[in-house]
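Okay, here's what each chain looks like letter by letter:
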Amino acid sequence: KDTGINVRATGDFVVNLVTEELAQAMNVTAAEFRPEVDEFAEAGLTPVPSLRVRAPRIGESPVSFECRLMQTVELGPHRSLVLGEILVMHIADARIRDAARFHVDTAGLHMLGRMQGNSYARTGDAFELLRVLPAPEKLAR
């Protein structure tokens, strides 16, 4: 894929979060297209100019992060970990629960998370687990 090459060449990138509604379009963008093929057009997605980086963001994504490359860690011949500083975060107005307190309707986003290979998880299956409170003599200091 071209993402790693583009990040190294430009020093910036955009992370667009994927919703259940965007799953098929995301899958199209993961195909092994030649570098000159417009993946936005192939997937039926809308490129939107970013505010601080050269790469466009995906207009249909409710959450996008404009990032500047901080470090690339090579993990193998065809794998690397890209670490970036978030410069701008975009969240769709419809997904803001309380703007004054910066609360986002995370459940309403219907996000997907990649597990491994072709497996994904829905964030709608999230649950809360209260922390264990150790006895006072066992508390970390």
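For the structure itself, consult the block above.
Residues numbered from 1 in each chain as written. Predicted model: local features only at pLDDT ≥ 70, side-chain atom pairs only at ≥ 80, totals over all residues. Heavy atoms only, no water.

### Focus on the pairing of strand S5 (residues 79-91)
Here is the rule: When DSSP finds at least two bridges between two strands, those strands are taken to pair. Every helix listed is a DSSP run of H or I at least four residues long, and every strand listed is a run of E at least two residues long, numbered separately from the N terminus.
Here 12 bridges tie strand S4 (residues 63-76) to S5, and the two strands are oriented antiparallel to one another. Bridged to Gln71 within S5 is Leu83. Between S4 and S5, which pair antiparallel one after the other, the connecting turn spans two residues.

### Here we look at the sheet that holds S4
Heads up, the condition is: Lines fitted to the C-alpha atoms define the axes, with helices restricted to the stretch that makes contact. Angles between their N-to-C directions range from 0 to 180 degrees.
In spatial order, the strands read S1-S4-S5; together these three strands make up an open sheet with antiparallel pairing. Here the strands that pair on one side only, and so sit at the sheet edges, are strand S1 (12-16) and S5. Within the sheet, the average angular offset between the axes of one strand and its neighbour, ignoring direction, is 40 degrees. In terms of strand pairing, S1 meets S4 through five bridges, oriented antiparallel. Within the sheet, the bridge partner assigned to Val14 lies in S4 and is Glu66.

### Section: the pattern of salt bridges
What counts, and what does not: Criterion for a salt bridge: a side-chain nitrogen of Lys or Arg within 4 Å of a carboxyl oxygen of Asp or Glu. Between buried and exposed lies partly exposed: a residue is buried under 20% and exposed over 50% of the maximum accessible area for its type, with that area taken using a 1.4 Å probe on protein chains only.
Scanning the entire structure with this criterion turns up seven salt bridges. Linking Glu20 and Arg122 is a salt bridge whose minimum nitrogen-to-oxygen distance equals 3.3 Å. With Glu20 in the loop between S1 and helix H2 (23-29) and Arg122 in strand S9 (residues 120-122), this residue pair connects regions lying 102 residues apart in the sequence. Its relative accessible area of 33% is what places Glu20 among the partly exposed residues. With a closest N to O distance of 3.1 Å, Arg68 and Glu85 form a salt bridge. Pair noted here: Arg68 is in strand S4 and Glu85 is in strand S5, with a separation of 17 residues, a long-range link. Several salt bridges share partner residues, and in doing so they unite Arg95, Arg97 and Asp105 into one network.

### So, the side chain of His90
Rule in force here: For this analysis, a polar contact is any N or O atom pair within 3.5 Å, provided that within protein one partner can donate a hydrogen and the other can accept it, and provided that sequence-adjacent residues contribute only side-chain to side-chain pairs. By definition in these notes, contact holds between two residues if any of their heavy atoms fall within 4.5 Å.
Mapped onto the elements, His90 comes out in strand S5. Looking at His90, its side chain comes within polar contact range of the side chain of Arg57, at 3.4 Å. When sequence neighbours within four positions are dropped, the list of residues in contact with His90 reads Leu51, Arg57, Pro62, Val63, Ser64 and Glu66.

### Section: the nonpolar core
For clarity, the cut-off: Put simply, a nonpolar core is a bunch of buried Ala, Val, Leu, Ile, Met, Phe, Trp, Tyr and Cys residues held in one set by side-chain atoms that sit within 4.5 Å of each other.
One finds Val18, Leu22, Ala23, Ala25, Ala43, Leu45, Ile58 and Leu112 forming the largest nonpolar core, which totals eight residues. Once you skip the residues sitting within four places of it in the chain, Leu22 turns out to touch Leu17, Leu45, Glu60 and Ser61.

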